[in-house]
Amino acid sequence: MAKVVLENVSKIYSGGVVAVRDANLEIEDQEFVVLVGPSGCGKSTTLRMIAGLEEISEGNVYIDGKRVNDVPPKNRDIAMVFQNYALYPHMTVYNNMAFGLKLRRYPKAEIDKRVKEAAEILGITELVNRKPKALSGGQRQRVAVGRAIVRKPKAFLFDEPLSNLDAKMRVQMRTEISKLHTRLSSTMIYVTHDQVEAMTMGDRIVVMKDGIIQQVATPLDLYHHPVNKFVAGFIGSPPMNFFDGRIEQGSGGLYFNEGSFKVRLAEEHQAVMGSYVGRQVTFGIRPEDVADALFVTNPHPEEQIQARLEVVEPMGAEVYLYLNTGRHGFIARVEGRETAQVNQMLAVVFDMKKSHFFDVETSKAIV
């Protein structure tokens, strides 16, 4: 296995279109790193530059300590799993998995051993004599992964491999890929636009926007300590609620005034936000940190607001409440025992210790 390093890597297409700008990233040996972001953010382009399928405009890529900018894809000792599986329809599962090894002139016995090992790991032993048209989407994806496994590469690259599967199969396959990473102790780089996939699979997550890496961190660090408003809004489901307003000095300390409500800042945020008194800021709070006051023991009156309930989405163990202050819509993720009705005015409580504040001009996190 191998460490993968990107050093000031950029991809600039003809006409000056910048797909990736000055990417710096170190992926440790045996690490599972997920590149995530909206469509067009440059994540797949970054992966393809590592694979050698896209030419690097600026910077360097190193695999296992070797600069590979000018090394052909077939000589980089990596294996890539694509979104569309890319299986040969006229070949059996066995021959699809064996094809790359045959091209490299591996002995027949070694090919047979590797294919059977990979098929057993992926639970597709009984499918090896079938052709792709006789397989489900999940089975085809397993074959595509198996074809990568038999190579025993230094790194595995996954380009949105689950996007063609239904929701249930996606959940199952992401678990299988995570198990595979543990079993193979391999370096894996995984691209997705689905932040839930990223949060559940990656040792670290690389969040990208407009070709620029916004933040690299563990899933929980991204969730609790986003560096800017984009990361805060992208990571988490449902997404973080945002309110525009002003920081004000009051008799009890500093307050955030949205216009239709005012809440007191947590004690630990008072000093940090002191320089923003009288200034516009963006206040962020996650749906799970908003509660119906009826179900909160001794709610603090300066952390409560009134909002109109517009939509109720029962999710089983929990309920999503879509509320509106009159100026901003927001979501509360509350317990399943919630009984509030649509169009009702509801008293909700913000857990201000878990609040976030962002600079309006730079979008960077203040706290």
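See the structure printed just above.
This report concerns the structure included in the present document. Within every chain, residues take consecutive numbers counted from 1 along the sequence as written. Where totals are concerned, whole chains, interfaces and linings use all residues; where local detail is concerned, this predicted model gives features only for residues with pLDDT of at least 70, and gives and counts side-chain atom pairs only at 80 or more. The side-chain quantities take in all heavy atoms of the structure and omit both hydrogens and water.

**Brief notes about the overall build of the chain**
- If you tally the helices and strands in the chain, you get 9 helices and 20 strands.
- Considering only C-alpha atoms, the chain reaches an extent of 80 × 45 × 35 Å along its principal axes.
- Throughout this description, buried means an accessible area under 20% of the type-specific maximum (1.4 Å probe, protein chains only), exposed means over 50%, and partly exposed covers the range between. Taken across its 367 residues, the chain has 48% of its residues classed as buried.
- Only heavy atoms enter the contact rule, under which two residues are in contact if any of them lie within 4.5 Å. For the chain, long-range pairs separated by at least 24 residues make up 66% of all intrachain contacts whose partners lie at least 6 apart in sequence.
- Areas reported here follow the Shrake-Rupley algorithm with a probe of radius 1.4 Å; residue values treat only the protein chains shown as occluding. Working note: accessible area of the chain is about 17200 Å², and carbon and sulfur atoms make up 48% of it.
- Of note, the chain has its 45 positive side-chain charges centred 10 Å away from the centre of its 44 negative side-chain charges. A run of H or I in DSSP becomes a helix once it reaches four residues, and a run of E becomes a strand once it reaches two; helices and strands are each numbered from the N terminus. Charged residues are defined here as Lys and Arg on the positive side and Asp and Glu on the negative side; His and the ends of the chain fall outside this count. Where a charge lies is defined by one atom per residue type: Lys uses NZ, Arg uses CZ, Asp uses CG and Glu uses CD.

**Topic: the packing of aromatic side chains**
- Pairs were defined over the aromatic rings of Phe, Tyr and Trp, the Trp ring being its six-membered one, requiring ring centres within 6.5 Å. Orientation was assigned from the angle between planes: stacked under 30 degrees, edge-to-face over 60, tilted for the rest. For the structure shown, the criterion picks out 17 aromatic pairs.
- Judged by centre distance (5.7 Å) and plane angle (20°), the rings of Phe230 and Phe234 are stacked. Here the residue Phe230 and the residue Phe234 both occupy positions in helix H8 (residues 229–234), the gap between them amounting to 4 residues, near one helical turn.
- For Phe234, a relative accessible area of 17% translates into the label buried.

**Examining the side chain of Gln195**
- On the secondary structure map, Gln195 appears in helix H6 (residues 195–201).
- In this structure Gln195 comes out as buried when scored by relative accessible area, which is 11%.
- Sequence-distant contacts of Gln195, defined by excluding residues within four places in its chain, comprise Val36, Phe234, Ile235, Gly236 and Ser237.

**Focus on unusual backbone geometry**
- Residue Pro238 is reached from Ser237 by a cis peptide bond, and omega for that bond is -5°.
- Here Pro238 lies in the loop between H8 and strand S11 (241–250).
- Phi at Asn8 takes a positive value of approximately 50°, unusual for a residue other than glycine.
- For Asn8, the position within the fold is in strand S1 (residues 4–12).
- In this structure, Asn298 takes a positive phi of about 50° despite not being glycine.
- Note on placement: Asn298 falls in the loop between strand S15 (290–292) and strand S16 (304–314).
- What makes Asn298 exposed here is its relative accessible area of 71%.

**Considerations on the sheet that holds strand S10 (residues 212–217)**
- With mixed pairing, the 6 strands of this open sheet are ordered in space as S6-S7-S8-S3-S9-S10. Edge positions in the sheet fall to strand S6 (78–81) and S10, since each of these pairs with one other strand and no more. For this sheet, the mean angle separating the axes of adjacent strands, direction not counted, is 15°.
- Sheet analysis places strand S3 (residues 32–36) next to strand S8 (residues 187–192), joined by 5 bridges and oriented parallel. Residue Val34 lies in a different strand from S8, and its bridge partner there is Tyr190.
- For every element, the axis is a line fit to its C-alpha atoms; helices are fit only across the contacting stretch, and the angle between N-to-C directions ranges from 0 to 180 degrees. Packing of helix H4 (residues 137–149) onto the sheet brings it into contact with S6 and strand S7 (155–159), and relative to S6 it is tilted by some 175°. Pairing between two strands is assigned when DSSP locates at least 2 bridges connecting them.

**Focus on helix H5 (residues 167–184)**
- Each helix should span, by expectation, one fewer than its residue count multiplied by 1.5 Å. Taking 1.5 Å of rise per residue, the 18 residues of H5 would be expected to cover 26 Å, and the 26 Å separating its terminal C-alpha atoms lies within 8% of that figure.
- Where H5 is buried, its residues contact S3, helix H3 (108–122), H4, S7, S8 and H6.
- Whenever a nitrogen or oxygen atom comes within 3.5 Å of another N or O atom, the pair is scored as a polar contact, on the condition that within protein one atom can donate a hydrogen and the other can accept it, and that pairs from neighbouring residues in sequence are kept only if both atoms are in side chains. Structurally, the start of H5 carries an N-cap: the backbone nitrogen of Lys168 is 3.2 Å from a side-chain oxygen of Asp166.
- Immediately beyond the C-terminal end of H5, within one or two residues, lies Ser185, with a positive phi of roughly 50°.

**Notes on the pairing of strand S20 (residues 356–359)**
- By the alternation rule, side chains of S20 split into His356 and Phe358 and Phe357 and Asp359, which are all buried.
- Here 4 bridges tie strand S14 (residues 280–285) to S20, and the two strands are oriented antiparallel to one another. Bridge pairing links Phe283 to Phe357 in S20.

**Quick word on the sheet that holds strand S4 (residues 58–63)**
- Read from one edge to the other, the open sheet built from 4 strands follows the order S2-S1-S4-S5, with strand pairing classed as antiparallel. Among the strands making up the open sheet, the edge pair consists of strand S2 (18–27) and strand S5 (66–67).
- As judged from the 6 bridges shared by S1 and S2, these two strands associate in the antiparallel manner. Note on S2: the bridge partner recorded for Val4 is Ile27.

**Topic: the environment of Phe230**
- Along the chain, Phe230 and Met208 lie 22 residues apart, while their C-alpha atoms are 9.6 Å from each other.
- Excluding anything up to four places from it in sequence, Phe230 contacts Pro38, Val207, Met208, Lys209 and Gln214.

**Considerations on the side chain of Gln270**
- Residue position: Gln270 is located in helix H9 (residues 267–270).
- Within the structure, the side chain of Gln270 is placed 2.7 Å from the backbone nitrogen of Leu254, a separation counted as a polar contact.
- Residues within four places of Gln270 in sequence aside, it is in contact with Gly253, Leu254, Arg264 and Leu265.

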